[in-house]
Amino acid sequence: MSNIVEPSADPLVRQIAARVRTERERRRWTLAQLADASGVSPAMISRIERGESSPTAVVLGKLSAAFQLSVASLLALAEGAQGAQESVADTRGVRRGADAAEWRDPGTGYRRRQITGPRFPAEIAEIRLPAGARVPYPAAAFAFVRQLVWVLDGRLTFHDGDTVHELDAGDTIELGAPAERVFANTTDAECRYAVVLTRDTQP
């Protein structure tokens, strides 16, 4: 399966493209250096940065690991940039569900909606994992963060390194030291879960 698809009109996808480029440039990395650090080809990174292709969750996992950011942090930074362009008149912290940006993985159909705003000290996201979907992440994508996964509906098969956990609605798991992890839905119904993340140590 290809890791890139045709460009999307979704403004959040464009913000992700800009954020990947910004994170690379602030480290003064060339495309080749980011490719070496992430395992993603320079051509693919270039297409992502130009907004010509939308990265899958797996590719975002590799890029975020190279930046020593979690995928949640990388997406939250992009969503924060999008939100910064909108009105800040509402200072009460109200965020309407209908206004929340939702990112969709073009490879699996995985959907992610940011719950908290950029000024909140923890990052909370709602994930919808379609039936049969499987999303692996490298260990480095979990560096410098503390993370909890809370299953809201359905069943999540969670691979934490060599350990596999079958998590049902209401179950939570607090993640420890960084390890290769896989979020999988082996059922025939959607799984919905929340990810709560705080930064542990600045990279």
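Residues numbered from 1 in each chain as written. Predicted model: local features only at pLDDT ≥ 70, side-chain atom pairs only at ≥ 80, totals over all residues. Heavy atoms only, no water.

**Examining empty space enclosed by the protein**
Consideration 1: For the structure shown, the criterion picks out one cavity of 30 Å³ or more.
Consideration 2: For the lining of the largest cavity, the secondary structure elements donating two or more residues are helix 5 (71–84), strand 5 (123–129) and strand 12 (191–199).
Consideration 3: Looking at which element gives the most residues to the lining of the largest cavity, the answer is helix 5, with three residues.
Consideration 4: Split into classes, the residues belonging to the lining of the largest cavity amount to 12 nonpolar, two polar and one charged. (1 Å grid on protein atoms, 1.4 Å probe; cavity = no way out; pocket = protein on both sides within 12 Å on 5 of 7 lines; lining within 4 Å. Points joined across faces, edges and corners; volume = space filled by probe spheres on them. Helix = DSSP H or I, 4+ residues; strand = E, 2+ residues; numbered from the N terminus. Nonpolar A, V, L, I, M, F, W, Y, C, P; charged D, E, K, R; others polar.)

**Description of the sheet that holds strand 6 (residues 134–137)**
Consideration 1: Pairing in this open sheet of four strands is antiparallel, and the strands run 6-11-8-9 from one edge to the other. Across the chains shown, the open sheet's two edge strands, defined by having one partner strand only, are strand 6 and strand 9 (163–168). Each adjacent strand pair in this sheet contributes to an overall mean axis angle of 15°, direction not counted.
Consideration 2: Bridge count between strand 8 (residues 155–160) and strand 9: six bridges; the pairing is antiparallel. Within the sheet, the bridge partner assigned to L156 lies in strand 9 and is L167. (Pairing = 2+ DSSP bridges. Axes fitted to C-alpha atoms, helices over the stretch in contact; angles between N-to-C directions.)

**Observations regarding the nonpolar core**
Consideration 1: Ranked by size, the top nonpolar core spans 43 residues in total, and within it W103, L129, Y137, L156, F183 and Y193 carry the most contacts.
Consideration 2: Looking at this core, the element that brings in the most residues is helix 4 (residues 57–66), giving six residues.
Consideration 3: With residues up to four places along the chain from it excluded, the contact list for Y193 reads Y110, A125, E126, I127, L129, V149, W150, V151, L152, L156 and F183. (Core = buried A, V, L, I, M, F, W, Y, C linked by side-chain atoms within 4.5 Å. Buried < 20%, exposed > 50% of the residue type's maximum accessible area, 1.4 Å probe, protein only. Contact = heavy atoms within 4.5 Å.)

**With respect to helix 1 (residues 11–26)**
Consideration 1: Across its 16 residues, helix 1 extends 22 Å between first and last C-alpha, which sits within 8% of the 22 Å expected from 1.5 Å per residue.
Consideration 2: Of the residues making up helix 1, those classed as buried are L12, V13, Q15, I16, A17, R19, V20, E23 and R24.
Consideration 3: Within two residues after helix 1, R28 carries a phi angle of roughly 60°, on the positive side. (Expected span 1.5 Å × (residues − 1).)

**What to know about the environment of T157**
Consideration 1: Checked against the element boundaries, T157 lands in strand 8.
Consideration 2: Here the alpha-carbon distance between T157 and N185, two residues 28 residues apart in the chain, equals 5.9 Å.
Consideration 3: Aside from chain neighbours lying at most four places away, what touches T157 is V164, H165, E166, V182, F183, A184 and T186.
Consideration 4: A distance of 3.5 Å separates polar atoms of two side chains, one belonging to T157 and the other to T186. (Polar contact = N/O pair within 3.5 Å; in protein donor to acceptor, adjacent residues only side chain to side chain.)

**Section: the pattern of salt bridges**
Consideration 1: Taken as a whole and judged by the stated rule, the model has 15 salt bridges.
Consideration 2: Note that R113 is salt-bridged to E126, the shortest N-O span being 3.1 Å. Of this pair, R113 sits in strand 4 (residues 111–114) while E126 sits in strand 5; the two residues are 13 residues apart in sequence, bridging distant segments of the chain.
Consideration 3: Taking the relative accessible area as the measure of exposure, R113 reaches 22% and is therefore partly exposed.
Consideration 4: Among the salt bridges present, the one from E190 reaches R128, with a minimum N-O distance of 2.9 Å. Highlighted residues: E190 in the loop between strand 11 (181–184) and strand 12 and R128 in strand 5, separated in sequence by 62 residues.
Consideration 5: Judged by its relative accessible area of 34%, E190 falls in the partly exposed class.
Consideration 6: On the basis of relative accessible area, R128 is assigned to the partly exposed category, the value being 25%. (Salt bridge = Lys/Arg side-chain N within 4 Å of Asp/Glu carboxyl O.)

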